[in-house]
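Below are the chains, spelled out letter by letter.
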Amino acid sequence: MGKNNCFISCFLFTAKYPEIKSLMVPDTRLKWIVCMMVVVQFLAFYLVKDLEWKWLLFWTYVFGSCINHSMTLAIHEISHNTAFGNNKALWNRWFAIFANLPIGLPYSASFKRYHLDHHRYLGGDGIDVDIPTDFEGWFFCTRMRKFFWIVLQPLFYAIRPLYINPKPISQLEVINLVVQFSFNIALYYLWGIKPVVYMLAGSMLGMGMHPISGHFIAEHYMFLKGHETYSYYGSLNLLTFNVGYHNEHHDFPSIPGRRLPEVKKIASEYYEHLPQYTSWVKVLYDFIMDDTLSPYSRIKRKLKGEVKQE
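So, how was this worked out
- Think of each chain on its own: its residues are numbered from 1, step by step along the sequence as written.
- Side-chain atom pairs in this predicted model are given and counted only at pLDDT of 80 or more, local residue features only at pLDDT of at least 70, and totals for whole chains, interfaces and linings cover all residues.
- In computing side-chain properties, one takes all heavy atoms of the structure into account and sets aside hydrogens as well as water.
- UniProt positions are given in the numbering used here, feature names are shortened, and annotations may be inferred rather than shown by experiment.
- Secondary structure elements follow DSSP: runs of H or I of four or more residues count as helices, runs of E of two or more count as strands, with numbering from the N terminus.
- What makes a salt bridge here is a side-chain nitrogen of Lys or Arg within 4 Å of a carboxyl oxygen of Asp or Glu, nothing more.
- Per-residue accessibility, obtained with a 1.4 Å probe over protein chains only, is compared with the maximum for each type, and a residue is labelled buried under 20%, exposed over 50%, and partly exposed between these values.
- What counts as an axis is a line fitted to C-alpha atoms, over the stretch in contact for a helix, and the angles between N-to-C directions run from 0 to 180 degrees.
- An angle counts as roughly parallel when it lies under 35 degrees, as roughly antiparallel when it exceeds 145, as roughly perpendicular when it falls between 65 and 115, and as oblique in every other case.
- When the near helix sits turned anticlockwise from the far one by under a right angle, the crossing is termed left-handed; a clockwise turn instead gives a right-handed crossing.
- By definition, residues are in contact when any of their heavy atoms lie within 4.5 Å.
- In this classification, Asp, Glu, Lys and Arg are treated as charged, Ala, Val, Leu, Ile, Met, Phe, Trp, Tyr, Cys and Pro as nonpolar, and every other residue, Gly included, as polar.

You'll find the protein chain entered in an unreviewed UniProt entry as Sphingolipid delta(4)-desaturase DES1, with Erpetoichthys calabaricus given as the organism. According to the UniProt record, the Sequence similarities (unreviewed entry) comment for the protein chain reads "Belongs to the fatty acid desaturase type 1 family. DEGS subfamily." Under the heading Subunit (unreviewed entry), UniProt records this for the protein chain: "Interacts with RLBP1; the interaction increases synthesis of chromophore-precursors by DEGS1."

(A) Quick peek at the UniProt feature "domain: Fatty acid desaturase" (unreviewed entry) in the protein chain. What UniProt calls "domain: Fatty acid desaturase" (unreviewed entry) maps, in this numbering, to residues 54-278. Across residues 54-278, the secondary structure splits into 61% helix and 2% strand, with the terminal C-alpha atoms separated by 33 Å.

(B) Layout of the pattern of salt bridges. For the coordinates displayed, the defined rule picks out 13 salt bridges. One salt bridge connects Arg258 with Asp27, and the closest N-O pair in it is separated by 3.0 Å. Remark: Asp27 occurs in the loop between helix H1 (3-16) and helix H2 (30-48) and Arg258 occurs in the loop between helix H12 (246-251) and helix H13 (260-266); sequence separation between them is 231 residues. Arg258 gets classed as partly exposed once you look at its relative accessible area, which sits at 32%. In this structure Asp27 comes out as buried when scored by relative accessible area, which is 4%. Of the charged contacts, one joins Asp291 and Arg143 as a salt bridge, the two residues approaching to 3.2 Å between their closest N and O atoms. Taken as a pair, Asp291 in the segment after helix H15 (280-289) and Arg143 in helix H7 (residues 143-151) lie far apart in primary sequence, 148 residues in all. One continuous salt-bridge network, built from bridges that share partners, spans Asp125, Asp134, Lys300 and Lys302.

(C) Spatial organisation of the UniProt feature "transmembrane region" (unreviewed entry) in the protein chain. UniProt tags residues 30-48, 55-74, 94-111, 174-191 and 197-218 as "transmembrane region" (unreviewed entry). For residues 30-48, the end-to-end C-alpha separation is 27 Å, with 100% helix and 0% strand making up the annotated structure. Across residues 174-191, the secondary structure splits into 100% helix and 0% strand, with the terminal C-alpha atoms separated by 26 Å.

(D) Molecular detail of the packing of helix H3 (residues 53-79) against helix H5 (residues 108-120). Their axes nearest at 10 Å, the elements H3 and H5 cross at an angle of 60 degrees. In terms of orientation, H3 lies oblique with respect to H5. Seen along the crossing, H3 lies across H5 with a hand that is right-handed. Of the residues in H5, those in contact with Ile75, His76 and Ser79 of H3 are Ser108, Phe111, Lys112, His115 and Leu116. Across the contact of H3 with H5, the residue classes break down as three nonpolar, four polar and one charged.

And the structure:
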């Protein structure tokens, strides 16, 4: 849904269901959940330092990748100021840099800048870097190539902004980079290379060919013509801060993920009839095996008028 449609949708919803406005407040539990996840990964860094490599890789995929992917979605939550509220926006930015530590790749500051553009100008050509490049759509068109495209998703998400919509580096991005690399170096000197591999490989694997990463494809790829955004209401929402409630999230991005099920319950007449997924694993399988689907299966819009970016 585009910027104007989102505004109209929010206005109509809140006019008919004024109780939805009461959900637009920070999630007081979010900061404690994030702190707990950071501590869990710090403990894991210590526990894997003496593991055999085969067991290190096993636990990296089975456990570390899940936690790190979940942490990226916590950063997604924080980017909407749901940890401390809009009045303490800078607190949210610093907290996101802290949440970034176990991921190993400094991205929280950049993500916030680009992600808000995604909400304002969904599908906007040259603005929304969630849209694959023409090269991705042209090259990754066979089943095998689509498989490798999903495996390499983290790489494309990192490079795509530099090609589609490069922005001047901000002070927070520099701080994010310095803090993260300092942490990575300290981790290496403290416990050796294995925790660093566990950390970085967990992030890459968790955002590649992994059950949780099905949400990347499920959110906006057009499996059904005319339907741009889809929701998923399954159990993996427990690990992903309810990112599966994606129609609800785009309608009300200021509502924390924990409260999105309440939005669906309050305004069920708007959401129940929309196409939805029951399995992110099946989404990945169908995307690869369906020859009519590719990275081109997205709506791209030519934007008109003034464009205000983060």
